[in-house]
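Reading the structure
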Amino acid sequence: MSEVTKLGSQAKFKTPSKPSDFPGIAMASLPAQKFERTVALTVVIMPFLGFLAAIILFWGYALGPVELGLLIGMYAATIIGIGVGFHRHFSHRAFKTNRVVRVILAVLGSMAAQGPVLFWAAIHRRHHAYSDQSGDPHSPHLHGKGISGLLRGLWHAHTGWLFVHEVTDWTHYIPDLLRDTLLFKVNRLYFAWVFLGLLIPTVLGGILTGTWVGTLQGFLWGGLVRTFLVHHTTWSVNSITHVCGTHPFHSRDQSRNNFLIALLAFGEGWHNNHHAFPGSARHGLEWWQIDWNGCVIRILERIGLAWDVKVPTVRMLVESRRSR
Ligand SMILES: [Zn+2]
Ligand SMILES: [Zn+2]
């Protein structure tokens, strides 16, 4: 626990006034800005258009078992890739596993089209380093007072931060991940994994229905609609669970436990639990706190594919509650 708790509490940095003053944060050059903004815009707009197209084209048709199966199956696979892989394993080192599982988790997470694994982990570690203070890449609390400030903050935390031209220094935040040459290769093939995430449901839709309409349905529901839903679920962890919900544990930020987001994000919505114990492989810390990603890690542990699984002790839970 102690090793990874550090990743969530790098609060030793001062709170400077502009991004260039922050350790590990710089401003992007103009060409880099342009390229990144174009990619971000495409990644935000395309799944949204796919979602609209699916609704308009198939309005009035009941979703068949194939489309529904592809939507749910791809949703589960990619949200596990993000939650178990990108978040709990790569960003927080909450458990150890072998190289094959690492690659599988990195590929599944990449198929969610939220950026390559190294980008995701660096941004996320920075979020924990500065959470809800200047320097946090996606806090909803730094955008003015009152309702309008909160709404601006929620937009920034949810999607707007993708278009900000700050660059997170990987050597500062993820030196451990940069040393993994295999992970670096997976990271470089990011766009191929995004494409694979669209190809799999498209091909399965065609094979399982034997029709071109089924192929299109697979692409839309298992590909674009699924990406749209996974995006907004993950981004809700950045926005909603820093505003709405309960705060049972001590943490120096505005993180909240939110039942609905936890349900949709397979456990990531127990966000106050997570900020209090960032190194924990389990985010659901009560028996009733559903945490599917935690269950996946438990299954991996049972079959010998995960070890050194970190969880807070009862004493840590009691002390954190007391000092709240
Ligand atoms: Zn957070
Ligand atoms: Zn985290």
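**Some words on the overall build of the protein chain**
Check the secondary structure of the protein chain and you find 15 helices and four strands. Computed over C-alpha atoms, the radius of gyration of the protein chain comes to 20 Å, within 12% of the 20 Å expected from 2.2 N^0.38 for 324 residues, which places it in the range of a compact globule. Referenced to the eigenvectors of the C-alpha coordinate spread, the extents of the protein chain come out at roughly 60 × 50 × 45 Å. Residue burial in the protein chain is summarised as follows: out of 324 residues, 47% are buried. Sequence separation of 24 or more characterises 67% of the internal contacts of the protein chain that already satisfy a separation of 6 or more.

**What to know about helix H5 (residues 117-130)**
The first and last C-alpha atoms of H5 sit 20 Å apart over 14 residues, in line with the 20 Å expected at 1.5 Å per residue. Looking one or two residues past H5, aspartate 132 carries a phi angle of roughly 65°, positive in sign.

**A short note on unusual backbone geometry**
Non-glycine residue arginine 93 carries a positive phi angle of around 50°. Classification of arginine 93 by C-beta neighbours within 10 Å gives partly exposed; the count is 19. The residue aspartate 132 is not glycine, and still its phi comes out positive at about 65°. In this fold, aspartate 132 is placed in the loop between H5 and helix H6 (146-158). Looking at aspartate 132, the number of C-beta atoms within 10 Å reads 20, which means it is buried.

**Here we look at the environment of glutamine 254**
Checked against the element boundaries, glutamine 254 lands in the loop between helix H11 (212-239) and helix H12 (259-264). In sequence terms glutamine 254 and tryptophan 287 are 33 residues apart; their C-alpha atoms lie 24 Å from each other. Filtering out sequence-adjacent residues up to four positions away, glutamine 254 remains in contact with Asp132, His141, His242 and Val243.

**Quick word on the nonpolar core**
Core analysis: the largest hydrophobic core is formed by 57 residues, its most contacted members being Ile79, Ile80, Val117, Ala121, Val225 and Ile297. In terms of residues, this core owes the most to one element, helix H3 (residues 65-91), which gives 12 residues. Those residues in contact with isoleucine 297, other than ones at most four positions away along the chain, are Val84, Arg88, Phe95, Ala281, Ala306 and Val309.

**Points about the environment of histidine 247**
For histidine 247, the location among the structural elements is in the loop between H11 and H12. Looking at histidine 247, the number of C-beta atoms within 10 Å reads 16, which means it is partly exposed. It is 6.4 Å that separates the C-alpha atoms of histidine 247 and asparagine 257, two residues lying 10 residues apart in sequence. When near neighbours in sequence (up to four residues on either side) are disregarded, histidine 247 contacts Arg256 and Asn272.

**Here we look at the confidence of the model for the protein chain**
The share of residues in the protein chain with pLDDT of 70 or more is 91%, and the mean pLDDT across the chain is 90. Within the model, the stretch residues 1-17 combines pLDDT values under 50 with 36 contacts to residues more than four positions away or in other chains.

**Observations concerning the packing of H3 against helix H14 (residues 292-302)**
Viewed as axis vectors pointing N to C, H3 and H14 meet at an angle of 70°, and their least axial separation amounts to 9 Å. Between H3 and H14, the interaxial angle falls into the category roughly perpendicular. Here H3 contributes Ile80, Gly83, Val84 and Arg88 to the contact with H14, which in turn contributes Asn293, Val296 and Ile297. Residues of the contact of H3 with H14, tallied by class, amount to four nonpolar, two polar and one charged.

**Observations concerning the packing of H3 against H5**
At their nearest, the axes of H3 and H5 sit 10 Å apart, and the two run at 60° to each other. With respect to H5, the element H3 is oriented oblique. Here the hand of the crossing between H3 and H5 comes out right-handed. Residues Phe86, His87, Phe90 and Ser91 of H3 pack against Val117, Trp120, Ala121, His124 and Arg125 of H5. The residue inventory of the contact of H3 with H5, partitioned by class, reads five nonpolar, three polar and one charged.

**Looking at H11**
With 28 residues, H11 should reach 40 Å at 1.5 Å per residue; the first-to-last C-alpha distance of 39 Å fits that figure. At arginine 226, H11 is deflected by roughly 35°, the largest bend along its length. In terms of residue burial, H11 counts as a mostly covered element, since 21 of its 28 residues are buried.

**What to know about the environment of histidine 271**
As for its position among the elements, histidine 271 is in helix H13 (residues 271-276). Once residues lying within four places of it in the same chain are set aside, the contact partners of histidine 271 are Val237, Thr241, Ser255, Arg256, Asn257 and Asn258.

Scoring rules and cut-offs
- Residues numbered from 1 in each chain as written.
- Chains lettered and ligands numbered in written order.
- Predicted model: local features only at pLDDT ≥ 70, side-chain atom pairs only at ≥ 80, totals over all residues.
- Helix = DSSP H or I, 4+ residues; strand = E, 2+ residues; numbered from the N terminus.
- Rg over C-alpha atoms; globule rule 2.2 N^0.38 Å.
- Buried ≥ 20, exposed ≤ 12 C-beta atoms within 10 Å, placed from the backbone.
- Contact = placed C-beta atoms within 7 Å.
- Expected span 1.5 Å × (residues − 1).
- Core = buried A, V, L, I, M, F, W, Y, C linked by C-beta atoms within 7 Å.
- pLDDT = per-residue confidence, 0-100.
- Axes fitted to C-alpha atoms, helices over the stretch in contact; angles between N-to-C directions.
- Parallel < 35°, antiparallel > 145°, perpendicular 65-115°, else oblique.
- Nonpolar A, V, L, I, M, F, W, Y, C, P; charged D, E, K, R; others polar.
- Left-handed = near helix turned anticlockwise from the far one by under 90°.
- Bend = angle between axes of the 7 residues up to and from the residue.

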